[in-house]
Amino acid sequence: MVTDLQQQISNVLAVGEATTGAAVSEGDLLRTAVEFANTPALRGVLLHVPGLKLPRSIAEDSLARGLDLSLHISGDPELSSVRERYREDLTAVIEAGSDALPARTISRLKQAAARIVLIPRYAFTNGDLRVRYHYLPESLEAALAYSVLLLRDNSRPFRADFARCKLERCSRFFFRSDTAKGQSRQRQFYCCDDHMLEKHRATGALRVQRHRAKKASAAKHK
Ligand SMILES: [Zn+2]
């Protein structure tokens, strides 16, 4: 006998079978979400969130042709405000460091991030297993809130790896392990070498200016 609960679970699993998107790892989901904070366009797994005004045929066609489809959201005030809040959440994560996030933020994130279903897929390569998932979020908010909580989970590798470029005009969110393997401590705070050098040149120039101003004012008072 098939119970109602079994039937409901089968229905959800069938959504996983029918999905056109590839199963992805937690790290991939997180990077796709963080990239959305950097650039106002939805890509990859975020394109499969229900309710987006993206014709399914376009999504399937571009997947079949191996195209990297992205959906710009600048013209959509609702999605733009979801993105703005996500950027605020990521900023709060960076600023909190190892401190707690505000209780209200945590409570909102927990509630939103519970609205997602994960269906596992198992890929063996030479005997090595990688577990990936079809992520079925109820909404874009649910997927993004889930990614913020992944970042905060101490048992996962993302928390210490997550950073924001210290060059103000960039301010991109990024993962150190993606850009700065084995590099200097300073470099860990920048998304790329160029931005570290640009910032150092700018602060170096500032230091010279201050030094000159000090010297000038000292000379005046002689
Ligand atoms: Zn940068």
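Residues numbered from 1 in each chain as written. Predicted model: local features only at pLDDT ≥ 70, side-chain atom pairs only at ≥ 80, totals over all residues.

Quick notes on the overall build of the chain
In step 1: The number of helices and strands found in the chain is eight helices and six strands.
In step 2: Written out in order from the N terminus, the α and β elements of the chain read α-α-β-α-β-α-α-β-β-α-β-β-α-α.
In step 3: In summary, the chain has a C-alpha radius of gyration of 22 Å against a globular reference of 17 Å for 222 residues, an excess of more than 25%.
In step 4: Principal-axis analysis of the C-alpha atoms places the extent of the chain at approximately 95 × 45 × 40 Å.
In step 5: A buried classification covers 20% of the 222 residues belonging to the chain.
In step 6: Intrachain contacts of the chain at a sequence separation of at least 6 include 56% that bridge at least 24 residues. (Helix = DSSP H or I, 4+ residues; strand = E, 2+ residues; numbered from the N terminus. Rg over C-alpha atoms; globule rule 2.2 N^0.38 Å. Buried ≥ 20, exposed ≤ 12 C-beta atoms within 10 Å, placed from the backbone. Contact = placed C-beta atoms within 7 Å.)

Here's the deal with the packing of helix α2 (residues 26–38) against helix α6 (residues 140–152)
In step 1: Relative orientation of the contacting elements α2 and α6 amounts to 115°, with a least axis distance of 10 Å. You can see that α2 and α6 cross each other, and the crossing is left-handed. Between α2 and α6, the residues in contact are E26, L29, L30 and A33 and A143, L144, S147, L150 and L151, respectively.
In step 2: Tallied by class, the residues present in the contact of α2 with α6 amount to seven nonpolar, one polar and one charged. (Axes fitted to C-alpha atoms, helices over the stretch in contact; angles between N-to-C directions. Left-handed = near helix turned anticlockwise from the far one by under 90°. Nonpolar A, V, L, I, M, F, W, Y, C, P; charged D, E, K, R; others polar.)

Re unusual backbone geometry
Peptide bonds are mostly trans, and most non-glycine residues show a negative phi.
In step 1: Located in the positive-phi region is N126, a residue other than glycine, with phi close to 50°.
In step 2: Mapping N126 onto the fold places it in the loop between β3 (116–125) and β4 (128–137).
In step 3: Residue S171 is not a glycine yet carries a positive backbone phi of 50°.
In step 4: Turning to its location among the elements, S171 is positioned in the loop between β5 (162–164) and β6 (173–175).
In step 5: Take S171: there are 15 C-beta atoms within 10 Å of it, and that puts it in the partly exposed class.

What about the domain arrangement of the chain?
In step 1: Each assigned domain of the chain is listed with its residue range as follows: domain 1 (4–160) and domain 2 (161–222).
In step 2: If you average the C-alpha positions of domain 1 and of domain 2, the two centres end up 33 Å apart.
In step 3: Across the boundary between the two partners, domain 1 contributes 12 residues, which contact six residues of domain 2.
In step 4: Sorting the residues of the side of domain 1 that touches domain 2 by element identifies α2 and α4 (77–96) as the ones contributing at least two each.
In step 5: Here the side of domain 1 that touches domain 2 takes four residues from α2, the largest share from any one element. (Domains from an automatic or database assignment.)

Examining the packing of helix α5 (residues 103–113) against α6
In step 1: At a minimum axis distance of 8 Å, the contact between α5 and α6 shows a crossing angle of 120°. Taken together, the axes of α5 and α6 lie oblique to each other. Every pair of crossing elements has a handedness; the one defined by α5 and α6 is left-handed. Where α5 abuts α6, its residues L109, A112 and A113 lie against E141, A142, A145, Y146, V148 and L149. (Parallel < 35°, antiparallel > 145°, perpendicular 65-115°, else oblique.)

Some remarks on the environment of A123
In step 1: Residue position: A123 is located in strand β3.
In step 2: Judged by C-beta crowding, with 11 C-beta atoms within 10 Å, A123 ranks as exposed.
In step 3: As for A123 and Y135, which are separated by 12 residues in sequence, their C-alpha atoms are 16 Å apart.
In step 4: With sequence-adjacent residues up to four places away left out, A123 is seen in contact with R130 and R132.

Topic: the pairing of β3
In step 1: Here β3 lies mainly on the outside; zero of its 10 residues are buried.
In step 2: As paired strands, β3 and β4 are joined by 10 bridges and run antiparallel to one another. From the neighbouring strand, V117 faces β4, where its bridge partner is L136.
In step 3: The hairpin formed by β3 and β4 contains two residues between the paired strands, and N126 there has a positive phi angle of roughly 50°. (Pairing = 2+ DSSP bridges.)

A closer look at α4
In step 1: Taking 1.5 Å of rise per residue, the 20 residues of α4 would be expected to cover 28 Å, and the 28 Å separating its terminal C-alpha atoms lies within 8% of that figure.
In step 2: In the core, the buried residues of α4 are packed alongside α2, α5, α6 and β6.
In step 3: Following α4 by one or two positions, G97 has its phi on the positive side, about 55°. (Expected span 1.5 Å × (residues − 1).)

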